[in-house]
Amino acid sequence: MAILARAKLAELAELLPGAPALPDYTVLRGPQSGLVMLRGRAGGGGEAFNLGEMTVTRCTVRDAAGGVGHAYVAGRDGEQAALAARLDAALQSPALHDTLEAQVIAKLAERQAARRRAEAERAAATRVRFFTMATMRS
Amino acid sequence: MAYVAVKGGERAIDNAHAWLAEARRGDPAVAEIGVDQIEAQLGRAIDRVMAEGSLHDRGLAALAIKQAQGDLIEAAFLLRAYRTTLPRFAASAPLDTEAMQVRRRISAVFKDLPGGQVLGPTTDYTHRLLDFALAAEGIAPPRAPRADVTDETIPSVNAILAHEGLIERDAGSSGEEPADLTREPLAFPAGRDVRLQALARGDEGFLLALGYSTQRGWGGTHPFVGELRVGEVGVEIVPPELGFAIDIGDVSLTECQMVNQFAGSRSVKPQFTRGYGLVFGHAERKAMSMALVDRAMRAAELGEDATAPAQNIEFVLYHCDNIEATGFVEHLKLPHYVDFQSELETVRRMRADADAAAIREAAE
């Protein structure tokens, strides 16, 4: 679900045609946009406090295979939430699980890891290498 | 405050709105700015609007900035108004800033610390000379160099600082639900949870000035930047229908640990104390100001005399919210015809009384 929550609609739309078709489905709830109150901790590790909210969209579907899929994704994209919920449902079907895992989820995970790695590498390039001036005394 | 129901002016208002829309668009010979361009290229404005609008959503912040013609307080106001139309699904687990995907992380107190000094995309070392190359469009920026990653996670400087017991530790968590300013009005005494929430969405300029005042001796605390980190943090919620924690995406945050010299008091030994700043987006000035003011407001808790404005909790909390402040200041533009009429009557009567008294005095 963490991987699907970070998958943009365009990415899902790009990967899904290469995977088996998702089963027909009925929407049980949503897609509905709302808020999640984000909490921090005083000092980083103390008492919780309310930092501010973020937008979140949720959706629940039941598909023809009988799986109930849930999605909570950051932002306001209803289509993304609906697709994520359908994938969550389809992944519960033993017939579909392995192919979807390999052709959609694994690829999304790979892309997300590559983005994180690229960010970390750019940060690493700005890490300061201190050097000390050594005086040569005989 | 008495308001008068004023009728009329509808046409003038409609026409004013039409002109506003035209003025917002500007010269039609110049291409219209896209919300996606604002989101991608005016990142610091987006961050400020999200922080003061208290709503993390880059797309909405970009739209608000476009609608407000770049007036960031007005844009934050638009976000605050929009959030009231949405239901709240849940509160997140406290964000784990230690697990942040760090873009920038510096410490001004330790040169060599685990994870190192990571500058990130900073303006700190630029010369503040206008770059006219930016005025010429179509020049591609250089590609940011990359280097091998040595530390997968960058430990918080807190742990390092607490090592010798010379630095105040976090109090630990009682697990109590924190107060929420969006649900209950501000009340005093205000706990640190309320104070931090108010500061996190408070006006950057106001907090900057108050933080600056503490450095200049108005409640001085001799601060050091223990750590400043900027990056993305995953958000976890536990939806009731699932009953287990799920990760719903990332938010960008700036966190500041300010370390302050503390001479000690009757109850606390001399040590370093800490002020804390946590803000949406890349907002170092705001996070540092928040940490300075958070520490200043802890004066009473630490047995210090609270004499300066930044240490006065009621003063800070009542005035740090720019949406409330702008509402009360700008409402003065609304019709006060009756208020003013009554004041006019009073002043006329007082003047007549004074004139009469002067004539009586002259006659005596």
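**Let's talk about the domain arrangement of chain B**
Residues and elements named next belong to chain B. By the assigned domains, chain B splits into domain 1 (13–83) and domain 2 (97–120 + 152–170 + 181–325). Computed over C-alpha atoms only, the centres of domain 1 and domain 2 are separated by 28 Å. Domain 1 puts 15 residues into the contact, and the matching count from domain 2 is 18 residues. Contact with domain 2 buries area across many residues of domain 1, yet Glu52, His56 and Arg80 alone supply 38% of it, more than any other trio. Summed over the shared surface of domain 1 and domain 2, the result is two salt bridges.

**Things to note about the nonpolar core**
In terms of nonpolar packing, the biggest core is built from 71 residues, with A:Leu51, A:Met54, B:Leu95, B:Ile248 and B:Leu253 touching the most fellow members. Per-domain counts for this core show at least three residues from each of domain 1 (13–83) and domain 2 (97–120 + 152–170 + 181–325) of chain B. Here B:Leu253 is in contact with A:Leu51, B:Leu95, B:Thr97, B:Met100, B:Arg229, B:Val230, B:Gly231, B:Val233, B:Leu278, B:Val279, B:Phe280 and B:Gly281, once residues within four sequence places are set aside. Of all hydrophobic cores here, the second largest spans 26 residues; its members include A:Ala19, A:Ala85, A:Leu87 and A:Ala89.

**Description of the packing of aromatic side chains**
In this structure the tally under the stated criterion is four aromatic pairs over all chains. The cationic tip of A:Arg58 hangs over the ring face of B:Phe89; the distance from NZ or CZ to the ring centre is 3.7 Å.

**Digging into the interface of chain B and chain A**
Often, the extent of an interface is quoted as the loss of accessible area on bringing the components together. Taken together, the 72 residues of chain B in the interface contact 49 residues of chain A. The junction of chain B with chain A conceals about 5,500 Å² of combined surface from both sides, 59% of it contributed by carbon and sulfur atoms. Three residues, B:Phe89, B:Arg146 and B:Ile248, lead the burial of chain B against chain A; their summed loss comes to 13% of the area buried on that side. For the pair chain B and chain A, the number of links is nine salt bridges. As a salt-bridge pair, A:Glu53 and B:Arg83 come within 2.3 Å of each other at their nearest N and O atoms. Per-element tally for the side of chain B that touches chain A: the top contributor is strand β5 (residues 246–262) of chain B, with nine residues. Per-class residue counts for the side of chain B that touches chain A are 33 nonpolar, 20 polar and 19 charged. As judged from the two bridges shared by strand β2 (residues 48–63) of chain A and strand β1 (residues 55–56) of chain B, these two strands associate in the parallel manner. Of the residues in β1(B), the one forming a bridge with A:Met54 is B:His56.

**Considerations on the pairing of β2(A)**
Consecutive side chains of a regular strand alternate in pointing toward one face of the sheet and then the other. All names here are of chain A. Counting buried positions along β2 gives 15 out of 16 residues, so the element sits mostly inside the fold. Where strand β1 (residues 25–41) meets β2, 14 bridges bridge the pair, whose relative direction is antiparallel. Across the sheet, residue glutamine 32 finds its bridge partner in β2, namely arginine 58. Hairpin geometry of β1 and β2 is characterised by an intervening segment of six residues between the two adjacent antiparallel strands and by a positive phi of about 75 degrees at glycine 43. As paired strands, β2 and strand β3 (residues 68–74) are joined by seven bridges and run antiparallel to one another. Residue threonine 60 lies in a different strand from β3, and its bridge partner there is histidine 70.

**Some words on the layout of surface pockets**
Residues and elements named next belong to chain B. Counted as a void, the second largest pocket has a volume near 540 Å³. For the second largest pocket, the lining is made up of 17 residues, of which Arg44, Thr123, His282, Glu284 and Arg285 are closest to its centre. Those elements that provide at least two residues to the lining of the second largest pocket are α3 (43–53) and α9 (284–296). The residue inventory of the lining of the second largest pocket, partitioned by class, reads five nonpolar, three polar and nine charged. Two domains share the lining of the second largest pocket, each providing at least three of its residues, namely domain 1 (13–83) and domain 2 (97–120 + 152–170 + 181–325).

**Points about the environment of B:Leu242**
Structurally, B:Leu242 can be placed in the loop between β4 (223–237) and β5. Considered as a pair, B:Leu242 and B:Ala135 are 107 residues apart in the sequence and their alpha carbons are 52 Å apart.

**Structural notes on empty space enclosed by the protein**
Scanning all chains against the criterion turns up one cavity of 30 Å³ or more. In this model, the largest cavity occupies a volume close to 50 Å³. Around the largest cavity sit A:Met1, A:Leu4, A:Ala5, A:His70, A:Ala71, A:Tyr72, A:Val73, A:Ala84, B:Ile246 and B:Asp247, which together line it. Only α1 (2–5) and β3 of chain A together with β5 of chain B provide two or more residues apiece to the lining of the largest cavity. Looking at which element gives the most residues to the lining of the largest cavity, the answer is β3(A), with four residues. A class-by-class count of the residues in the lining of the largest cavity yields eight nonpolar, one polar and one charged.

Cut-off values and rules
Residues numbered from 1 in each chain as written. Chains lettered and ligands numbered in written order. Predicted model: local features only at pLDDT ≥ 70, side-chain atom pairs only at ≥ 80, totals over all residues. Heavy atoms only, no water. Domains from an automatic or database assignment. Contact = heavy atoms within 4.5 Å. Buried area = accessible area lost by both parts, 1.4 Å probe. Salt bridge = Lys/Arg side-chain N within 4 Å of Asp/Glu carboxyl O. Core = buried A, V, L, I, M, F, W, Y, C linked by side-chain atoms within 4.5 Å. Buried < 20%, exposed > 50% of the residue type's maximum accessible area, 1.4 Å probe, protein only. Phe/Tyr/Trp six-rings, centres within 6.5 Å; stacked < 30°, edge-to-face > 60°. Lys NZ or Arg CZ within 6 Å of the ring centre and 35° of its normal. Helix = DSSP H or I, 4+ residues; strand = E, 2+ residues; numbered from the N terminus. Nonpolar A, V, L, I, M, F, W, Y, C, P; charged D, E, K, R; others polar. Pairing = 2+ DSSP bridges. 1 Å grid on protein atoms, 1.4 Å probe; cavity = no way out; pocket = protein on both sides within 12 Å on 5 of 7 lines; lining within 4 Å. Points joined across faces, edges and corners; volume = space filled by probe spheres on them.

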